[in-house]
Amino acid sequence: MWAVLVALALLVTACSDSTPPPTLATGTTATSSTSTAVTTTLPPTTTTTTTTTMATTTQSPDVRLAEIQRMVHEALVGRLQAMYDKDPDALLPWVGSQKVYDRTIEAMDVAQFLEAPTLENVGLDIEELLLDRQDCVVTSTATDLRGVTEGADEVGQAIAVWWPDASGVLQAGAFWGEGTPRQIWMEECNVSPRGVTP
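Nothing here was measured: the structure is a model prediction, and the numbers come from that model.

Peer 1: Lay out the sheet that holds strand E3 (residues 156-164) in plain terms, naming residues and giving numbers.
Peer 2: If you walk across this open sheet you meet the four strands as E1-E2-E3-E4, and the pairing is antiparallel. Whereas interior strands pair on both sides, the edge strands pair on one side only; in this sheet they are strand E1 (123-132) and strand E4 (170-176). For this sheet, the mean inter-axis angle between neighbouring strands, taken without regard to orientation, is 30°. Here eight bridges tie E1 to strand E2 (residues 137-144), and the two strands are oriented antiparallel to one another. Directly across from Leu124, in E2, lies its bridge partner Thr143. In the packing of helix H4 (residues 61-85) onto the sheet, contacts are made with E1, E2, E3 and E4, and the angle to E1 comes to roughly 120°. Each of E1, E2, E3 and E4 is contacted by helix H7 (residues 182-191), which is oriented at about 25° to E3, the strand it contacts most.

Shown next as structure tokens:
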């Protein structure tokens, strides 16, 4: 969708730039066509950015849920892969809070994997999207690590807070057991410090 909008913006710019020369071809119009080209170059860039932002906020609920499901799944597998590799640096793109980072580092030494985590063997289902803000996403999530980690003999349930980074990737902010009161995870969204110091 974004590529189509950019292509349309470029097409409008090209049409705007090609229209003035035939109309202004009678003599002293060289200065006029130069100023028109400068004027028409800037608005398409602004329009494209605005349209892209609006497109992400006006998605249907099903499309948005599928997008969040995909991003949360990638973040979970990325975090597990860093644990599997015992690589603290590989953990940084997937974790947004010091608390989750420190706990994951501790778990690296004790977690026992039966095989490398992948999008195919790590099960994830967002049962409910509790909050979907531009700066904070909260999910009620079921995770299935059976066959991936030793001791995972049932589906795990959690309420998870996710914070988008500058590029839009969701990073783990906090996790609680199912049934955690709303005010607790809302406080995490609204006031908890974000960022990690390795």
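Next, the rest of the story.
Peer 1: How would you sum up the pattern of salt bridges? Please name residues and give values.
Peer 2: Taken as a whole, this structure holds seven salt bridges when the rule is applied. Asp144 is paired through a salt bridge with Arg146; the nearest N and O atoms lie 2.9 Å apart. Taken together, the shared-partner salt bridges connect Arg64, Glu67 and Asp132 into one network.

Peer 1: Please provide a residue-by-residue account of the nonpolar core, values included.
Peer 2: The biggest cluster of nonpolar side chains holds 25 residues, and the ones touching the most others in it are Ile68, Val72, Leu80, Leu91, Val122, Trp162 and Leu170. For this core, the secondary-structure elements that each account for two or more residues are H4, helix H6 (98-110), E1, E3 and E4. Tallying contributions element by element places H4 first for this core, with nine residues. Apart from the residues lying within four places of it in its own chain, the contact partners of Ile68 are Ile126, Leu129, Asp132, Val137, Thr139 and Leu170. If you look at the next biggest cluster of nonpolar residues, it comprises eleven residues, including Leu131, Ile159, Trp163 and Trp176.

Peer 1: So what's going on with the pairing of E2? Which residues, and what values?
Peer 2: Taking burial as the measure, the eight residues of E2 include seven buried ones, the bulk of the element. The hairpin turn running from E1 into E2, its antiparallel successor, is four residues long. The pairing of E2 with E3 spans seven bridges and is antiparallel. For Thr141, the partnering residue across the bridge sits in E3 and is Ala158.

Parameters and conventions
Residues numbered from 1 in each chain as written. Predicted model: local features only at pLDDT ≥ 70, side-chain atom pairs only at ≥ 80, totals over all residues. Heavy atoms only, no water. Pairing = 2+ DSSP bridges. Helix = DSSP H or I, 4+ residues; strand = E, 2+ residues; numbered from the N terminus. Axes fitted to C-alpha atoms, helices over the stretch in contact; angles between N-to-C directions. Contact = heavy atoms within 4.5 Å. Salt bridge = Lys/Arg side-chain N within 4 Å of Asp/Glu carboxyl O. Core = buried A, V, L, I, M, F, W, Y, C linked by side-chain atoms within 4.5 Å. Buried < 20%, exposed > 50% of the residue type's maximum accessible area, 1.4 Å probe, protein only.

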